[in-house]
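Each chain, written out:
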Amino acid sequence: MVRVSGKEAKFRKHQNHCISKTIVESAKRTGRGIAIENLEGIRGRVTARGGDAQNRLSGWSFHQLAAFLSYKATLAGIPIVQVDPRNTSKTCSVCGHCERGNRKSQAEFVCKHCGFSAYADWNAARNIRALAVSCNAARTGQCRSGIRTPGS
Ligand SMILES: [Zn+2]
């Protein structure tokens, strides 16, 4: 559990409001939905991706951002989906080959099958987008429900 001062919590909350607003506005402007990694139960640093925005946040801050995003996206009528984050960082976004060894380092992705190389985060973001698209198409209950806000 990370302890944060009242001042810092207030600052993070303001930041999360700004980040979520930017993501929702970007999605609305470009006619896109928002995809977010489903990180239930994962602690530590996580990555949220949507539109052009990308932010690394600690656990509680991420959950707050997810709640704000869900709220603002729903108000704006923008679809928001959760995707499974388990394989996004080790799957090739070009050929779909999934292997731990694809991830050469924290920052570098090189596919063992087709040789595609990219920044690891960028490759993962492409996978998340692809997952979200197929998720939307499938119209499964879990995907349609999006992110649950606290108390809903
Ligand atoms: Zn590949």
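Residues numbered from 1 in each chain as written. Predicted model: local features only at pLDDT ≥ 70, side-chain atom pairs only at ≥ 80, totals over all residues. Heavy atoms only, no water.

**Looking at the overall build of the chain**
For the chain, the count of helices and strands is four helices and six strands. Taken from N to C terminus, the helices and strands of the chain fall in the order α-β-β-β-α-β-β-β-α-α. Each of the 152 residues in the chain was classed as buried or not, and the buried ones make up 38%. Sequence-distant contacts in the chain: of pairs separated by 6 or more residues, those separated by 24 or more amount to 55%. A total of about 9,400 Å² of accessible surface is found on the chain, and carbon and sulfur atoms cover 52% of it. (Helix = DSSP H or I, 4+ residues; strand = E, 2+ residues; numbered from the N terminus. Buried < 20%, exposed > 50% of the residue type's maximum accessible area, 1.4 Å probe, protein only. Contact = heavy atoms within 4.5 Å. Areas by Shrake-Rupley, 256 points an atom, 1.4 Å probe, with all protein chains shown as cover.)

**Digging into the coordination of the zinc ion**
Protein-derived coordination of the zinc ion comes from Cys-92 (SG), Cys-95 (SG), Cys-111 (SG) and Cys-114 (SG), at a distance range of 2.2 to 2.4 Å. Linear spacing of the donor residues for the zinc ion on their chain is C-x2-C-x15-C-x2-C. What makes Cys-95 partly exposed here is its relative accessible area of 36%. (Donors = N, O, S within 2.8 Å, 3.2 Å for Na, K, Ca; no water.)

**Quick look at the packing of aromatic side chains**
Counted according to the given criterion, the structure contains two aromatic pairs. Their ring planes at 55° and their centres at 6.5 Å tell us that Phe-109 and Phe-116 sit as a pair that is tilted. Consider the rings of Phe-116 and Trp-122, whose centres lie 6.5 Å apart with planes at 40°: the pair is tilted. (Phe/Tyr/Trp six-rings, centres within 6.5 Å; stacked < 30°, edge-to-face > 60°.)

**Examining the pairing of strand E1 (residues 34–37)**
Note on strand geometry: in a regular strand, side chains alternate between the two faces of the sheet. Residues of E1 alternate between two faces, with Ile-34 and Ile-36 on one and Ala-35 and Glu-37 on the opposite face, all of them buried. Note: E1 against strand E4 (residues 80–83), four bridges, orientation parallel. Within the sheet, the bridge partner assigned to Ile-34 lies in E4 and is Ile-80. (Pairing = 2+ DSSP bridges.)

**Re the side chain of Ser-20**
Relative to the helices and strands, Ser-20 is located in helix H1 (residues 6–30). Classification of Ser-20 as buried rests on a relative accessible area of 0%. Side-chain polar atoms of Ser-20 contact the backbone oxygen of Asn-16, separated by 2.8 Å. Setting aside residues no more than four positions away along its own chain, Ser-20 makes contact with Leu-65, Phe-68, Leu-69 and Lys-72. (Polar contact = N/O pair within 3.5 Å; in protein donor to acceptor, adjacent residues only side chain to side chain.)

**With respect to the environment of Cys-92**
Within the fold, Cys-92 resides in the loop between E4 and strand E5 (108–110). When the C-alpha positions of Cys-92 and Ser-117 are compared, they lie 8.8 Å apart, and in sequence the two are 25 residues distant. Excluding anything up to four places from it in sequence, Cys-92 contacts His-97, Asn-102, Phe-109, Cys-111, Cys-114, Phe-116, Asn-123 and Asn-127.

**Observations concerning the confidence of the model for the chain**
Confidence in the prediction of the chain, expressed as mean pLDDT, is 74, and 70% of residues score 70 or more. Per-residue pLDDT stays below 50 along residues 41–55; that stretch engages in 40 contacts with residues further than four places along the chain or on separate chains. The low-confidence segment residues 139–152, where pLDDT is below 50, has 18 contacts with residues more than four positions distant or belonging to other chains. (pLDDT = per-residue confidence, 0-100.)

**As for H1**
Taking 1.5 Å as the rise per residue, H1 with 25 residues should run 36 Å; its terminal C-alpha atoms sit 36 Å apart, in good agreement. Taken residue by residue, H1 has Asn-16, Ile-19, Ser-20, Ile-23, Val-24, Ser-26 and Ala-27 as its buried positions. A positive phi of about 65° marks Gly-31, the residue just after H1. (Expected span 1.5 Å × (residues − 1).)

**Thoughts on the nonpolar core**
Nonpolar side chains in soluble globular proteins generally cluster together in the buried interior. If you look at the biggest cluster of nonpolar residues, it comprises 13 residues, and the most contacted ones within it are Val-24, Ile-34, Leu-69, Ala-73 and Ile-78. Listing elements by their share of this core, those giving two or more residues are H1, E1 and helix H2 (59–76). The element best represented in this core is H2, accounting for five residues. Among residues more than four places away in sequence, those in contact with Leu-69 are Ser-20, Ile-23, Val-24, Ile-34, Ile-36 and Ile-80. By size, the runner-up hydrophobic cluster in this structure holds six residues, among which are Phe-109, Cys-111, Phe-116 and Ala-120. (Core = buried A, V, L, I, M, F, W, Y, C linked by side-chain atoms within 4.5 Å.)

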